[in-house]
Amino acid sequence: MKSKPIRKKPDFSKLALETLAVRAGTRRTAEYQEHSEAMFLTSSFCFDSAELAADGFAHADQGFIYSRFTNPTVSMFQDRLAALEGGEACIATSSGMAAILTMAMSHLQAGDHVVCSRSVFGATIQLFSTILGRFGITTTYVDLSDTKAWQNAVQENTKLFYLETPSNPLTEIADIKAISKIAKKAQALFAVDNCFCTPALQRPLLLGADVVIHSATKYLDGQGRVVGGAIVGSNDFIMGKVFPYVRTAGPTLSAFNAWVFLKGLETLELRMKQQSQNALEIAQWLEKQPGVERVYHPGLKSHPQHALAKRQQKAGGAILSFTLKGGKKAAFKLINQTKLCSITANLGDTRTTITHPATTTHCRVSPEARKAAGITDGLVRIAVGLESVVDLKSDLIGGLKK
Ligand SMILES: *Cc1c(COP(=O)(O)O)cnc(C)c1O
């Protein structure tokens, strides 16, 4: 016997970020009323009749038919992330790069022009220049923080503005509000890769961006387990343009990975707060170490856009980088003497990772473009995790003495 539900559902539009991170998007099966989100490892869904199957296919964005289009676990992750970013809708993808490709393929066509920050993820530059370039899409790269340069790069056929802020690895900041006004005037879609801050620290849609891109692989998972991505934006763009592309082309997120991200989002706020604090402490300490030429972190007073960062972000983020006076030799020596930091390509993990960008993440960028972006041979990036700051400092100190 079933009694009528007596409790009302909460009004999610009125709830705080911390609450949304653990509650938004959750849906329970009528039969089991499971508390934690269920993992729907099924490629397809059944219908009670041929008529219902026909009806399902006619409204593929609403029901569940086949997991290339929609899956309940993936939908829960999408709804939770949309709520956190303050967007109307979200589509999850198999990786962060798949999210960027999907956004571009859903929006652009041959003959279109893109204005892109010079300081974006290495693979993003490859994607715009090498791959989309083959399909007649041209891209102009501009300085992230030079708002006038965005205006000057606009052409008649400009359809997309694309940037990351803070940038990888130099933590440059873009004025999202100012650039959104230029994009609007140019009638270009404005997409912001919010990988480094996550909605816990920065919400680009509320600052005027049209679309938020995520590599969920990083802080949304937060524990270095699975690869995935997401696109958040208006209902018109996400359901009208992105969903039909994903349904057809298939860069879909798996239910298992979506479930891992749902669990990751529950601790997002706590992790971002603590990891940002740890990063700031290490950045301030590095500024005083011999052999260190310059430290980059938005929370530092020496950061050229410290005031903008304070306005736009709740904290500086967990990524910092610094240049060593001794160039590549000193950088390799520092990295090799650490015992705790992981030498690995990932970032956004609870475990601190250390990277030499020039020879790893940015190795496919031409030396000229690398130089223009400020990725020198003495540059080291640290994505600070949840270890004790005391332990991290002692892990680094051996490589900082001359
Ligand atoms: C890692 C990363 C990507 C790509 O994401 P994947 O999940 O590795 O495909 C895109 N943008 C930024 C800023 C990243 O750090």
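Because the structure is a prediction, the values reported are computed rather than measured. (Residues numbered from 1 in each chain as written. Predicted model: local features only at pLDDT ≥ 70, side-chain atom pairs only at ≥ 80, totals over all residues. Heavy atoms only, no water.)

### Focus: the pairing of strand E1 (residues 89-93)
Across the five residues of E1, five count as buried, placing the element largely inside the fold. Two elements, E1 and strand E7 (residues 229-233), share five bridges in a ladder whose sense is antiparallel. Across the sheet, alanine 92 pairs through a bridge with alanine 230, a residue of E7. (Buried < 20%, exposed > 50% of the residue type's maximum accessible area, 1.4 Å probe, protein only. Helix = DSSP H or I, 4+ residues; strand = E, 2+ residues; numbered from the N terminus. Pairing = 2+ DSSP bridges.)

### Section: the sheet that holds strand E6 (residues 211-215)
Hydrogen bonds between backbone atoms are what pair the strands of a sheet, whose relative direction is either parallel or antiparallel. Read across the open sheet, the seven strands follow the order E1-E7-E6-E5-E4-E2-E3; overall the sheet is mixed. The open sheet is flanked by E1 and strand E3 (138-142), the only strands paired with a single partner. Pairwise comparison of adjacent strand axes, ignoring direction, gives a mean angle of 20° for this sheet. With three bridges joining them, strand E5 (residues 189-193) and E6 adopt parallel strand pairing. Along E6, the bridge assignment pairs aspartate 193 with isoleucine 213. This element, helix H3 (residues 72-85), spans E1, E6 and E7 of the sheet and lies at about 130° to E1. (Axes fitted to C-alpha atoms, helices over the stretch in contact; angles between N-to-C directions. Contact = heavy atoms within 4.5 Å.)

### Some details on the site of the ligand
Neighbouring the ligand are Ser95, Gly96, Met97, Phe121, Glu164, Asp193, Cys195, Ser215, Thr217, Lys218 and Gly228. In this structure, a nitrogen atom belonging to the ligand sits 2.7 Å away from a side-chain N or O atom of aspartate 193. Between the ligand and threonine 217 there is a distance of 2.6 Å, counted from an oxygen atom to a side-chain nitrogen or oxygen. When the ligand sits alone it has 380 Å² of accessible area, and the protein chains cover 91% of it. Here the shell around the ligand is built from residues that sort into three nonpolar, five polar and three charged. (Near = heavy atom within 4 Å. Polar contact = N/O pair within 3.5 Å; in protein donor to acceptor, adjacent residues only side chain to side chain. Areas by Shrake-Rupley, 256 points an atom, 1.4 Å probe, with all protein chains shown as cover. Nonpolar A, V, L, I, M, F, W, Y, C, P; charged D, E, K, R; others polar.)

### What to know about the nonpolar core
The biggest cluster of nonpolar side chains holds 37 residues, and the ones touching the most others in it are Phe77, Leu81, Tyr219, Leu220, Val232 and Leu268. Looking at this core, the elements that each hand over two or more residues are helix H1 (17-23), H3, E1, helix H8 (198-201), E7, helix H10 (255-266) and helix H11 (268-286). Tallying contributions element by element places H3 first for this core, with six residues. Domain assignment of the residues forming this core places at least three in each of domain 1 (15-266) and domain 2 (269-401). (Core = buried A, V, L, I, M, F, W, Y, C linked by side-chain atoms within 4.5 Å. Domains from an automatic or database assignment.)

### As for the domain arrangement of the chain
Segmenting the chain into domains produces domain 1 (15-266) and domain 2 (269-401). If you average the C-alpha positions of domain 1 and of domain 2, the two centres end up 27 Å apart. Of the roughly 3100 Å² buried where domain 1 meets domain 2, counting both sides, 56% is carbon and sulfur surface. Of all residues in domain 1, Leu170, Leu201 and Tyr219 bury the most surface against domain 2, accounting for 24% of the area lost on that side. Remark: the boundary between domain 1 and domain 2 carries zero salt bridges. Viewed at the interface, domain 2 and domain 1 are joined by 12 residue pairs in polar contact (both at pLDDT 80 or more). For the side of domain 1 that touches domain 2, the elements supplying multiple residues, two or more each, are H1, helix H5 (122-131), helix H7 (176-185), H8 and H10. Residue composition of the side of domain 1 that touches domain 2, grouped by class: 17 nonpolar, 13 polar and seven charged. (Buried area = accessible area lost by both parts, 1.4 Å probe. Salt bridge = Lys/Arg side-chain N within 4 Å of Asp/Glu carboxyl O.)

### Brief notes about the pattern of salt bridges
Taken as a whole and assessed by the stated rule, the structure comprises 11 salt bridges. The salt bridge involving aspartate 221 is made with arginine 225; its shortest N-O contact spans 2.7 Å. Bridged by salt links that share partners, the residues Glu37, Arg80, Lys263 and Glu266 form one connected network.

### A closer look at the packing of aromatic side chains
Going through the model one piece at a time under the given rule, you end up with seven aromatic pairs. Ring centres of tryptophan 150 and phenylalanine 161 lie 5.4 Å apart, and the angle between their planes is 40°; this geometry places the pair in the tilted category. Separated by 11 residues along the polypeptide, tryptophan 150 in helix H6 (residues 147-152) and phenylalanine 161 in strand E4 (residues 158-164) bring together distant segments of the chain. Side by side, tryptophan 150 and phenylalanine 161 carry an identical accessibility label, which is buried. Judged by centre distance (6.4 Å) and plane angle (80°), the ring pair of phenylalanine 161 and phenylalanine 190 falls under edge-to-face. Highlighted residues: phenylalanine 161 in strand E4 and phenylalanine 190 in strand E5, separated in sequence by 29 residues. Of the two residues, phenylalanine 161 and phenylalanine 190, both sit in the buried class. The structure contains a cluster of three or more aromatic residues connected by ring pairs, namely Phe57, Tyr66 and Phe69. Above the ring of phenylalanine 121, the side-chain terminus of lysine 218 is found at 5.0 Å from the ring centroid. Lying across the ring of phenylalanine 69, arginine 247 places its NZ or CZ 4.5 Å from the centre. (Phe/Tyr/Trp six-rings, centres within 6.5 Å; stacked < 30°, edge-to-face > 60°. Lys NZ or Arg CZ within 6 Å of the ring centre and 35° of its normal.)

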